[in-house]
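Listed below, chain by chain, are the residues.
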Amino acid sequence: MTRMRHDKIEWQNVRLVPILHNRMEFATEVRRQFEEFRPDHVAIEYPSTLKEKILQGIKRLPYLSVVHYEESDGTFIYLLLEPSDGQIEAARLALENNIPIHFIDRDTEGYPLDPSPMPDPYALTKIGHFIFCQAYLRKHRDDPRSLEDRLREKTTAYHLQQLSRKGERILFVGGLYHLPGLIEMLNQPQQTEVIGRRHRKGVGLAHLHRDSSREIMSEMPFLAAKYEKSRSSRDGEPPDRLEANSQVIMTSRQNYWKNNKEELSRSQVRVLNRFARNYALVSGGLVPSFYQLIVAARGAADDNFAYEVWDKGSNYPWQTENPGLPVLRLS
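Residues numbered from 1 in each chain as written. Predicted model: local features only at pLDDT ≥ 70, side-chain atom pairs only at ≥ 80, totals over all residues. Heavy atoms only, no water.

1. Digging into helix α10 (residues 241-260)
Next up, step 1: Across its 20 residues, α10 extends 28 Å between first and last C-alpha, which sits within 8% of the 28 Å expected from 1.5 Å per residue.
Next up, step 2: Elements that come into contact with the buried residues of α10 comprise α1 (24-37), α9 (221-232), α11 (266-282), α12 (290-300) and α13 (303-313).
Next up, step 3: You can read the cap of α10 off the contacts: a side-chain oxygen lies 3.0 Å from the backbone nitrogen of Leu 242, and it is on Asp 240.
Next up, step 4: Within two residues after α10, Lys 261 carries a phi angle of roughly 55 degrees, on the positive side. (Helix = DSSP H or I, 4+ residues; strand = E, 2+ residues; numbered from the N terminus. Expected span 1.5 Å × (residues − 1). Contact = heavy atoms within 4.5 Å. Polar contact = N/O pair within 3.5 Å; in protein donor to acceptor, adjacent residues only side chain to side chain.)

Here it is in structure tokens:
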């Protein structure tokens, strides 16, 4: 049976670390649990059909890579590999520690984007990962599951049960959305693997163009860069989202004076912070997003200051003129 106690979610010798994808606080939590659990194997919620290219891209970090392929109906899929994603972090840690990595999701085409609201990831820093997941599970345990979701969860559960037979410690990182269904499937013997695609043709890897890194990263690039730097620093202290926003505003004030010879007053900064906070709250968030920060900057000052905020916040410093891969522009 799956156990949820002592701030851990475990099934037999498998530690489950549910995440919100591409959110820095969850990548930080993956690092913490990896160090605490010391796994013998790492399993992540990606299909094995993409394993070669995803691992190739992860090894290029902090340079940004995009795994891309075409589905049977002609739809092009682009998967950006970001340092602030929990699954990417788990795979990096496994590579750095010479631990086997298992890609155990089902290769699914036409999977819809889920617009369901999720709690603000910043809550993790106040209530902890376990309570966050426990609250989600209580609310969504009995939600209806689509056929594709059930097939994916059965596939993941099958592989975790197979891996667990050796008795070694398994760390699994996957989406929080699938936690209720995965727990249900783990508590039932999965005798056979769900039929699915074993190979995929035409999977490619490209380097993300600098201009695109300013536009399509899930986290504010400035925050993602701070997280990347924290991985290699001696103290390893992860960044705080609120502090990162404040640093962007502070540097933008300096650049605003340097480039426009205009100074942002303290009262304008207070207006900006209040506007951004309220904007976040009415949209269900605890901390303003990068977009909300830019809108607040424009409202508190003008377009020139909003530009400075965008320019600082959207800067991802690791770039190269010779990536050794095709360069991809995405908007």
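Moving on, there is more to tell.
2. Comments concerning the packing of helix α6 (residues 147-164) against helix α7 (residues 179-186)
Next up, step 1: Interaxial distance between α6 and α7 falls to 9 Å at its minimum, and their mutual angle equals 50 degrees. In terms of orientation, α6 lies oblique with respect to α7. Our pair here, α6 against α7, has a crossing hand that is right-handed. When α6 is examined against α7, the residues Arg 150, Glu 153, Lys 154, Thr 156, Ala 157, Leu 160 and Gln 161 are found in contact with a partner set consisting of Gly 181, Leu 182, Glu 184, Met 185 and Leu 186. (Axes fitted to C-alpha atoms, helices over the stretch in contact; angles between N-to-C directions. Parallel < 35°, antiparallel > 145°, perpendicular 65-115°, else oblique. Left-handed = near helix turned anticlockwise from the far one by under 90°.)

3. Overview of the side chain of Gln 161
Next up, step 1: Here Gln 161 is to be found in helix α6.
Next up, step 2: Relative accessible area serves as the criterion here: at 10%, Gln 161 is assigned to the buried category.
Next up, step 3: Separated by 3.1 Å, the side chain of Gln 161 and the backbone oxygen of Leu 186 make a polar contact.
Next up, step 4: Setting aside residues up to four positions removed in sequence, Gln 161 forms contacts with Trp 11, Met 185, Leu 186, Gln 188, Pro 189 and Gln 190. (Buried < 20%, exposed > 50% of the residue type's maximum accessible area, 1.4 Å probe, protein only.)

4. Quick notes on the nonpolar core
Next up, step 1: Ranked by internal contacts, the top residues of the largest apolar core, which has 55 residues, are Leu 16, Ile 44 and Leu 160.
Next up, step 2: Among the nonpolar cores identified, the runner-up in size contains 22 residues, and Phe 222, Val 248, Leu 293 and Ala 296 belong to it. (Core = buried A, V, L, I, M, F, W, Y, C linked by side-chain atoms within 4.5 Å.)

5. Details of the packing of aromatic side chains
Next up, step 1: Considering all chains together, one arrives at six aromatic pairs under this definition.
Next up, step 2: Pairing Tyr 307 with Trp 310 gives two aromatic rings, centres 5.7 Å apart and planes at 40 degrees, and the pair type is tilted. On the criterion of helical spacing, the pair formed by Tyr 307 and Trp 310 is a turn pair, its members being three residues apart in helix α13.
Next up, step 3: A relative accessible area of 29% places Trp 310 in the partly exposed class.
Next up, step 4: Arg 145 extends its terminal NZ or CZ atom over the ring of Tyr 177, reaching a point 4.6 Å from the ring centre.
Next up, step 5: Directly above the aromatic system of Trp 310 lies the positively charged group of Arg 214, at a separation of 5.0 Å from the ring centroid. (Phe/Tyr/Trp six-rings, centres within 6.5 Å; stacked < 30°, edge-to-face > 60°. Lys NZ or Arg CZ within 6 Å of the ring centre and 35° of its normal.)

6. Some remarks on the packing of α10 against α13
Next up, step 1: Across the interface, α10 lies against α13 with an axial gap of 9 Å and an inter-helix angle of 125 degrees. With respect to α13, the element α10 is oriented oblique. Crossing of α10 over α13 shows right-handed handedness. Here Val 248, Ile 249, Thr 251, Ser 252, Arg 253, Asn 255, Tyr 256, Asn 259 and Asn 260 of α10 come into contact with α13, specifically with Asn 304, Phe 305, Glu 308, Val 309, Lys 312 and Gly 313.
Next up, step 2: Along the lines of polarity and charge, the residues of the contact of α10 with α13 split into five nonpolar, seven polar and three charged. (Nonpolar A, V, L, I, M, F, W, Y, C, P; charged D, E, K, R; others polar.)

7. Quick look at the pattern of salt bridges
Two side chains bearing opposite charge may form a pair once their charged atoms approach each other closely.
Next up, step 1: Throughout the structure, instances matching the rule amount to 25 salt bridges.
Next up, step 2: With a shortest N-O distance of 2.7 Å, Glu 228 and Arg 92 are connected by a salt bridge. Of this pair, Glu 228 sits in helix α9 while Arg 92 sits in helix α3 (residues 86-96), placing them 136 residues apart in sequence.
Next up, step 3: Looking at Glu 228, the relative accessible area reads 7%, which means it is buried.
Next up, step 4: Its salt-bridge partner being Arg 197, residue Asp 107 comes within 3.3 Å of it at the nearest N-O pair. (Salt bridge = Lys/Arg side-chain N within 4 Å of Asp/Glu carboxyl O.)

8. Focus: unusual backbone geometry
Next up, step 1: The step from Leu 61 to Pro 62 runs through a cis peptide bond, and the omega angle for that step is 15 degrees.
Next up, step 2: Within the fold, Pro 62 resides in the loop between α2 (51-60) and β5 (65-70).
Next up, step 3: Even without glycine at this site, Arg 38 takes up a positive phi of about 50 degrees.
Next up, step 4: With respect to the element layout, Arg 38 can be found in the loop between α1 and β4 (41-47).
Next up, step 5: You can call Arg 38 partly exposed: its relative accessible area is 47%.
Next up, step 6: Of note, Asn 98 is a non-glycine position whose phi angle comes to about 55 degrees, a positive value.
Next up, step 7: With respect to the helices, strands and loops of the structure, Asn 98 is situated in the loop between α3 and β7 (101-105).
Next up, step 8: We classify Asn 98 as exposed; its relative accessible area is 73%.

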